[in-house]
Amino acid sequence: MTTAPQSNRWLKIGLLISIGLNVLLVGLIVGRLLLSPFGPFSGRPEVKLEFLVDRITSGMSDADQHIVKSAMQRHQASLTEKLEAVRAAKMQIKEATMADTMTHESLQRSLERVGTTSDALRTELTALVVETLPELSLEGRRKVMAALERRGPPWMR
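Residues numbered from 1 in each chain as written. Predicted model: local features only at pLDDT ≥ 70, side-chain atom pairs only at ≥ 80, totals over all residues. Heavy atoms only, no water.

A.B. asks: Hey, could you go over the overall build of the protein chain for me, with residue numbers and the actual values?
C.D. replies: If you tally the helices and strands in the protein chain, you get five helices and zero strands. Across the protein chain, helices and strands are ordered from the amino to the carboxyl terminus as α-α-α-α-α. The contacts of the protein chain with a sequence gap of at least 6 include a subset with a gap of at least 24, amounting to 71%. Put simply, the protein chain shows about 11000 Å² of open surface, and 63% of that area lies on carbon and sulfur atoms. (Helix = DSSP H or I, 4+ residues; strand = E, 2+ residues; numbered from the N terminus. Contact = heavy atoms within 4.5 Å. Areas by Shrake-Rupley, 256 points an atom, 1.4 Å probe, with all protein chains shown as cover.)

Given below as structure tokens:
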């Protein structure tokens, strides 16, 4: 049997291990948000939406290309605005973490802003997909889904 001092010792060791793993997990999450070169829309801000649309529509029928391109034109201003908001929010996290006076509250606000702006962008993209996919042919839908399933940054596809 273990005595009370031995139990306390193992409890302290377990607590320290748990805290260490939690700090590691938070560090990985924050690092992923800040430093990922393959994160959504990060790394190459000069990549234009037109380039991405051309990559998606290459090989589609003319009718499907027209549907996708006209839908993108209708959503382009809103997508660009929301994309810039996400980029600015991510930059705000970086600035908040590098500030001399970083506080828990400032970091929390920055992370919440990334979540809010990302949700707004995701909502806009969902509206675009819901509007566009039903109008496409089966082959056009396959092409769009294949483009959405690819991994890595869009400019490397």
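On we go.
A.B. asks: Quick rundown of the pattern of salt bridges? Include the residues and the values.
C.D. replies: Side-chain pairs of opposite charge can arise whenever the charged atoms involved come near each other. In total, this model carries five salt bridges according to the counting rule given. For R74, the salt bridge is made with E131, and the minimal N-O distance between the two is 2.4 Å. Taken together, the positions of R74 in helix α3 (residues 62-98) and E131 in helix α4 (residues 104-132) put the pair 57 residues apart, joining distant regions of the chain. A salt bridge links R142 to E139; its shortest N-O distance comes to 3.7 Å. (Salt bridge = Lys/Arg side-chain N within 4 Å of Asp/Glu carboxyl O.)

A.B. asks: Give a detailed account of the packing of α3 against α4, specifying residues and quantitative values.
C.D. replies: One can describe the packing of α3 onto α4 by two numbers: an axis separation of 9 Å at closest approach and a directional angle of 170°. On the basis of the axis angle, α3 is roughly antiparallel to α4. Of the residues in the contact of α3 with α4, the class split is 20 nonpolar, nine polar and six charged. (Axes fitted to C-alpha atoms, helices over the stretch in contact; angles between N-to-C directions. Parallel < 35°, antiparallel > 145°, perpendicular 65-115°, else oblique. Nonpolar A, V, L, I, M, F, W, Y, C, P; charged D, E, K, R; others polar.)

A.B. asks: Tell me what's going on with the side chain of H75, and back it up with residues and numbers.
C.D. replies: Relative to the assigned elements, H75 resides in helix α3. Polar side-chain contacts of H75 include one of 2.6 Å to the side chain of E124. When residues no more than four places from it in sequence are discounted, the contact partners of H75 are E124, A127, L128 and E131. (Polar contact = N/O pair within 3.5 Å; in protein donor to acceptor, adjacent residues only side chain to side chain.)

A.B. asks: Describe the nonpolar core, with residues and values.
C.D. replies: Residues M72, L79 and L136 are the most contacted members of the largest nonpolar core, which totals 16 residues. Among the secondary structure elements, those contributing two or more residues to this core are α2 (49-57), α3 and α4. With seven residues, the single largest contributor to this core is α3. Filtering out sequence-adjacent residues up to four positions away, M72 remains in contact with L49, V53, L79 and L128. (Core = buried A, V, L, I, M, F, W, Y, C linked by side-chain atoms within 4.5 Å. Buried < 20%, exposed > 50% of the residue type's maximum accessible area, 1.4 Å probe, protein only.)

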